[in-house]
Amino acid sequence: MKTLSPPPFTRNQGFTLAEIMVVVLIVGATLVTSVLSLTNSMGQAAHTRDIKIARELGLLKLGQFSSALYSEDIEDHMAGDFSEQDYEQFQWEVVLGDEAFDEAEEDGKGNFNNWDTSDQDDEDEPTEKPYQEVRVKVTFPGPKESHNEIILEKRVTWSFLYGEGEETDGGI
């Protein structure tokens with residue numbers, strides 16, 4: 001009876017050092033790329049979350065102005081933060097009418113303004129508006145290269161903004 005014996009040792013068994021180094025290089029490059037992509041995605045997700053929170057806080061502030069919550073001490077330009085809502089790092093700034101925000105940035109992004117009527121020729125006398133334009137700018141922390149502010153606009157009737165029976169400059 002014949003017994004099976006192991007094959008004799010040959011040099012062709014296993015991988016060479018060069019093959020192992022190539023595999024380690026490929027796996028290492030894949031891991032580095034994956035970690036960088038994951039880090040970038042987490043940063044983008046955090047920025048998107050901040051934009052969503054800023055939008056919600058801006059809508060809250062617009063609602064507060066629309067409901068005459070600030071009618072007692074309303075000014076053409078007001079600012080503050082959202083510490084009452086536990087978002088101290090989010091700042092708000094409100095301007096009424098044609099006022100401009102502090103430190104207005106020219107970002108060159110060509111933002112479109114729905115309310116801009118400067119290109120229309122109004123030869124008639126200006127009519128009194130039954131509303132006031134309210135703009136809220138919410139700024140939040142983030143990387144300097146990203147856009148860390150959101151601006152919301154709303155037209156609010158005088159009575160809702162200043163309260164019932166309040167006489168104003170352009171008063172209705």
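All of the points below concern the structure found in this document. The structure displayed is predicted, hence computed values, not measured ones.

Rules of the game
- Residues numbered from 1 in each chain as written.
- Predicted model: local features only at pLDDT ≥ 70, side-chain atom pairs only at ≥ 80, totals over all residues.
- Heavy atoms only, no water.
- Salt bridge = Lys/Arg side-chain N within 4 Å of Asp/Glu carboxyl O.
- Buried < 20%, exposed > 50% of the residue type's maximum accessible area, 1.4 Å probe, protein only.
- Helix = DSSP H or I, 4+ residues; strand = E, 2+ residues; numbered from the N terminus.
- Pairing = 2+ DSSP bridges.
- Polar contact = N/O pair within 3.5 Å; in protein donor to acceptor, adjacent residues only side chain to side chain.
- Contact = heavy atoms within 4.5 Å.
- Patch = residues over 30% accessible without salt bridge, like charges linked within 9 Å, V, L, I, M, F, W, Y side chains within 5 Å.
- Areas by Shrake-Rupley, 256 points an atom, 1.4 Å probe, with all protein chains shown as cover.
- Core = buried A, V, L, I, M, F, W, Y, C linked by side-chain atoms within 4.5 Å.

## A look at the pattern of salt bridges
Here comes step 1: A full pass over the atoms with the stated rule returns five salt bridges.
Here comes step 2: Close ionic contact of Asp 50 with Arg 49 constitutes a salt bridge, the shortest N to O distance being 3.2 Å.
Here comes step 3: A relative accessible area of 13% places Asp 50 in the buried class.
Here comes step 4: One salt bridge in this structure joins Glu 56 and Arg 55, with 3.3 Å as the shortest N-O distance.
Here comes step 5: The exposure class of Glu 56 is partly exposed, given its relative accessible area of 42%.
Here comes step 6: Connected through shared salt-bridge partners, Glu 93, Lys 137 and Glu 149 make up one network.

## Digging into the pairing of strand β3 (residues 131–139)
Here comes step 1: Burial analysis of β3 places seven of its nine residues in the buried class, the great majority of the element.
Here comes step 2: Bridge count for strand β2 (residues 87–96) against β3 is six bridges, and the pairing is antiparallel. Counterpart to Gln 91 in the pairing with β3 is Thr 139.
Here comes step 3: The pairing of β3 with strand β4 (residues 149–157) spans nine bridges and is antiparallel. Paired with Glu 133 across the bridge in β4 is Arg 155.

## Regarding the environment of Asp 98
Here comes step 1: Residue position: Asp 98 is located in the loop between β2 and β3.
Here comes step 2: Here the alpha-carbon distance between Asp 98 and Val 134, two residues 36 residues apart in the chain, equals 9.2 Å.

## Notes on the side chain of Gln 64
Here comes step 1: Position of Gln 64 among the secondary structure elements: in helix α1 (residues 17–66).
Here comes step 2: Overall, the relative accessible area of 14% leaves Gln 64 in the buried class.
Here comes step 3: Separated by 2.8 Å, the side chains of Gln 64 and Lys 61 make a polar contact.
Here comes step 4: Other than its neighbours up to four places away in sequence, Gln 64 contacts Leu 69, Tyr 70 and Gln 85.

## Section: a nonpolar patch on the surface
Here comes step 1: Nonpolar side chains collect at one region of the surface, where Phe 15, Ile 20 and Val 24 lie side by side and expose about 350 Å² of accessible area between them.
Here comes step 2: Residue Val 24 is classed as exposed on the basis of its relative accessible area of 56%.

## Re the nonpolar core
Here comes step 1: By size, the foremost hydrophobic cluster in this structure holds 20 residues, and its most contacted members are Phe 65, Phe 90, Trp 92, Val 94, Val 134 and Val 138.
Here comes step 2: Those elements that provide at least two residues to this core are α1, β1 (77–82), β2, β3 and β4.
Here comes step 3: Ranked by the residues each element gives to this core, the list is headed by α1, at five residues.

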